[in-house]
Amino acid sequence: MSDDGDRSWVDSMPAAYDRWLGPAVFRPFAVDLARRAARLEPRRVLELAAGTGALTRELAAALPAAEVTATDLNTAMVEFGSSQVPAATWEQADALHLPFPDGQFDLLVCQFGVMFFPDRPAGFAEARRVLTPGGRLLFNIWDAVETHGFARALVAGLERAFPDDPPTFMSAVPHGYTDLRLVSADLLAGGLDLVSAERVTLEGHADSAADVALGFCTGTPLRSAIQARADLAATTGVVADEMTARLGVGPVSARMTAHVVEARPPG
């Protein structure tokens, strides 16, 4: 589970997240998830933990006739995302307390967000509440850090910067919900049935390893963990050096693995 510091994006963080992580880390899976969503042919779509709109943009393109509502807990993300993807309706909302009536949406989607829910069964129960009886919940979650080339190099960089006390955010939160047995149990506790879970590996591309380091160190909650220990710029430089040593100089690529999960109300 995550605390408030692990769930907050403030100030310049959304812009850094979108610029350096959006294309390299999140867009490949957004394209994949939007294609899966389009096959379900929904009319009313709710996106949870939409962030800066990487998936929102793909949903709007893949589902031109659908009504897409994008939500995020963080006001800074909603403000940034709404400026990037005006085709969707944007609202600040807590996934555990959604401001929508029962049975309003045919499809709920969430890209790499359920790991941040402080109470996942409660979040899944809210998803069931706002879904139509025949609706679907579609989300993806990262596999272990070792299966993500960028994250693996990042963790090595953090260990180099802080050999005695490296931040554990990456393994504890984004890559901390990898057990599909637990996912299935949490869905069931929230009143949803697991339909399928597929392991998907895609490749991400970035202009440099230093760009990816900037994205993670300055554009995610990892930033506060670094600032609690040392200077942010200096640490980002150390992390960038280690990531470059592992991934190479110039344009870099890495394989990233996630699980794509589909669930539905019983019956």
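Residues numbered from 1 in each chain as written. Predicted model: local features only at pLDDT ≥ 70, side-chain atom pairs only at ≥ 80, totals over all residues. Heavy atoms only, no water.

Participant: Got a minute to help me understand the pattern of salt bridges in this structure?
Facilitator: Any two side chains of opposite charge can pair, so long as their charged atoms come close to each other. Applying the stated criterion across every chain, the model contains 12 salt bridges. Linking glutamate 198 and arginine 36 is a salt bridge whose minimum nitrogen-to-oxygen distance equals 3.0 Å. One end of the pair, glutamate 198, is in strand 6 (residues 193-206); the other, arginine 36, is in helix 1 (residues 13-39), and 162 residues separate them in sequence. Residue class for glutamate 198 comes out partly exposed when judged on its relative accessible area of 38%. Across the pair arginine 44 and aspartate 106 runs a salt bridge, and its minimum N-O distance is 3.6 Å. Here aspartate 106 lies in strand 4 (residues 105-111) and arginine 44 lies in strand 1 (residues 44-48), a separation of 62 residues in the sequence. Residue aspartate 106 is classed as buried on the basis of its relative accessible area, which comes to 17%. Salt bridges here are not isolated pairs; linked through shared partners, they connect Asp32, Arg36 and Glu198. (Salt bridge = Lys/Arg side-chain N within 4 Å of Asp/Glu carboxyl O. Helix = DSSP H or I, 4+ residues; strand = E, 2+ residues; numbered from the N terminus. Buried < 20%, exposed > 50% of the residue type's maximum accessible area, 1.4 Å probe, protein only.)

Participant: Whenever I open this one, the sheet that holds strand 2 (residues 67-72) confuses me. Can you help?
Facilitator: For sheets, the rule is that strands pair by backbone hydrogen bonds, running either parallel or antiparallel. The strand order across the open sheet built from 7 strands is 3-2-1-4-5-7-6, with neighbouring strands paired in mixed fashion. The open sheet has two edge strands, strand 3 (89-92) and strand 6, and neither has a second partner. Mean inter-strand twist for the sheet, computed between neighbouring axes without regard to direction, equals 20°. Taken together, the 6 bridges between strand 5 (residues 131-142) and strand 7 (residues 252-264) define a ladder with antiparallel strand orientation. Counterpart to asparagine 140 in the pairing with strand 7 is valine 260. This element, helix 1, spans strand 4, strand 5, strand 6 and strand 7 of the sheet and lies at about 140° to strand 6. (Pairing = 2+ DSSP bridges. Axes fitted to C-alpha atoms, helices over the stretch in contact; angles between N-to-C directions. Contact = heavy atoms within 4.5 Å.)

Participant: Honestly, the packing of aromatic side chains in this entry has me stumped. Any pointers?
Facilitator: Given two aromatic rings, their pairing is described by the distance between the two centres and the angle made by the two planes. For the coordinates displayed, the defined rule picks out 9 aromatic pairs. Ring geometry for phenylalanine 26 against tryptophan 142: centres 6.3 Å apart, planes inclined by 50°, an arrangement best described as tilted. Linking phenylalanine 26 in helix 1 with tryptophan 142 in strand 5, this pair joins segments that are 116 residues apart in sequence. A residue is classified by how much of its surface remains accessible, and phenylalanine 26, at 8% relative accessible area, is buried. Measuring from ring centre to ring centre gives 6.3 Å for phenylalanine 116 and phenylalanine 169, while their planes differ by 45°; the resulting arrangement is tilted. (Phe/Tyr/Trp six-rings, centres within 6.5 Å; stacked < 30°, edge-to-face > 60°.)

Participant: Any chance you could explain helix 7 (residues 180-189) here in plain terms?
Facilitator: Note on helix geometry: an α-helix contains 3.6 residues per turn, so any two residues three or four positions apart are oriented the same way. Buried within helix 7 are the following residues: Val183, Asp186 and Leu187. Projected down its long axis, helix 7 shows its buried positions confined to an angular sector of 100°, all on one face. Summarising the geometry of helix 7, the exposed residues directed more than 90 degrees from the buried face are Arg181, Leu188 and Ala189. Looking at the buried side of helix 7, the elements it contacts are helix 4 (120-130), strand 5, strand 6 and strand 7. Taking the backbone nitrogen of arginine 181 as reference, a side-chain oxygen 2.9 Å away marks aspartate 179 as the first, capping residue of helix 7. Looking one or two residues beyond helix 7, the residue adopting positive phi is glycine 191, at roughly 85°. (Arc of directions from axis to C-beta. Polar contact = N/O pair within 3.5 Å; in protein donor to acceptor, adjacent residues only side chain to side chain.)

Participant: What should I look at first to understand the pairing of strand 7 in this one?
Facilitator: Along a regular strand, successive side chains alternate from one face of the sheet to the other. Among the 13 residues of strand 7, 10 are classified as buried, and the element is accordingly described as predominantly covered. Pairing analysis gives 13 bridges linking strand 6 to strand 7, with the strands arranged antiparallel. Pairing of histidine 205 across the sheet is with serine 253, part of strand 7.

Participant: Explanation requested: the environment of aspartate 207 in the structure shown.
Facilitator: Position of aspartate 207 relative to the elements: it lies in the loop between strand 6 and helix 8 (209-219). Judged by its relative accessible area of 60%, aspartate 207 is exposed. Excluding its chain neighbours within four sequence positions, the residues that come into contact with aspartate 207 are Gly250 and Pro251.

These values are about where atoms sit, not about what they do.
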